[in-house]
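Here's the letter readout for the chains.
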Amino acid sequence: NSCVGCHMGDNQVHTFEPQIASCQTCHAGAENFDVGGYLTEFDAKYAELEAALLARGMITAEGATVPGSYDAGPAQALFFYNLVHEDGSHGIHNPNYFNALMEMALEALK
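Quick summary incoming for the structure in this document.

## A look at the overall build of the protein chain
- Broken down by element type, the protein chain carries 5 helices and 0 strands.
- The principal-axis extent of the C-alpha atoms belonging to the protein chain is close to 50 × 25 × 20 Å.
- Here the protein chain holds 110 residues, and 27% of them are scored as buried.
- Sequence-distant contacts in the protein chain: of pairs separated by 6 or more residues, those separated by 24 or more amount to 46%.
- When the accessible surface of the protein chain is totalled, it reaches about 7100 Å², and 56% of it is carbon and sulfur.

What follows is the structure, encoded as structure tokens:
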């Protein structure tokens, strides 16, 4: 239950790429990192968030932040968008927390 546990596994793979065998210790039968469809669902919601931010003019078509002064809710949604983009894990490190933040972000942009 640590970075090393998932990224190096029992075989101590030194590339630090996550190891599916490590996932399988808790998620028997997992064949890829999309356990229970989490990544598919998260990526769909992230695309929805990106579209909402683009429609509001808060990001460019390339996903870059458009400097400006935004209300608190939309600004928080933009912060979360950038966090996910920079992190690159799709929230897999803390899925419950990232799902809650995603729902907050999407709600803030309605």
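## Looking at the environment of Leu-39
- When you line up the elements, Leu-39 lands in helix α3 (residues 38-55).
- You can call Leu-39 buried: its relative accessible area is 18%.
- C-alpha separation for the pair Leu-39 and Pro-95, spaced 56 residues apart in sequence, amounts to 9.6 Å.

## Things to note about the nonpolar core
- Within the largest apolar cluster, 19 residues are counted, with the highest numbers of intra-cluster contacts made by Phe-42, Leu-49, Leu-53, Phe-80, Tyr-81 and Met-102.
- Contributions of two or more residues to this core are made by α3, α4 (72-87) and α5 (95-108).
- A total of 6 residues in this core trace back to one element, the largest contributor, which is α3.
- Those residues in contact with Met-102, other than ones at most four positions away along the chain, are Phe-42, Lys-45, Tyr-46, Leu-49 and Phe-80.

## What about α3?
- Look at α3: 26 Å from first C-alpha to last across 18 residues, which is about the 26 Å you get at 1.5 Å a residue.
- In this fold, the buried residues of α3 make contact with α4 and α5.
- Directly beyond the C-terminal end of α3, a positive phi value near 75 degrees is found at Gly-57.

## Overview of α4
- Taking 1.5 Å of rise per residue, the 16 residues of α4 would be expected to cover 22 Å, and the 22 Å separating its terminal C-alpha atoms lies within 8% of that figure.
- Along α4, the positions that sit buried rather than exposed are Pro-74, Ala-77, Leu-78, Phe-80, Tyr-81 and Val-84. The arc that holds every buried residue of α4, seen down its axis, measures 160 degrees, which confines them to one face. Of the exposed residues in α4, the ones pointing more than 90 degrees away from its buried face are Ala-72, Phe-79 and Glu-86.
- Of the surrounding elements, those touching the buried residues of α4 are α3 and α5.
- Within two residues after α4, Gly-88 carries a phi angle of roughly 75 degrees, on the positive side.

Each value, and the rule that gives it
Residues numbered from 1 in each chain as written. Predicted model: local features only at pLDDT ≥ 70, side-chain atom pairs only at ≥ 80, totals over all residues. Heavy atoms only, no water. Helix = DSSP H or I, 4+ residues; strand = E, 2+ residues; numbered from the N terminus. Buried < 20%, exposed > 50% of the residue type's maximum accessible area, 1.4 Å probe, protein only. Contact = heavy atoms within 4.5 Å. Areas by Shrake-Rupley, 256 points an atom, 1.4 Å probe, with all protein chains shown as cover. Core = buried A, V, L, I, M, F, W, Y, C linked by side-chain atoms within 4.5 Å. Expected span 1.5 Å × (residues − 1). Arc of directions from axis to C-beta.

Honestly, it's all geometry; don't read function into it.
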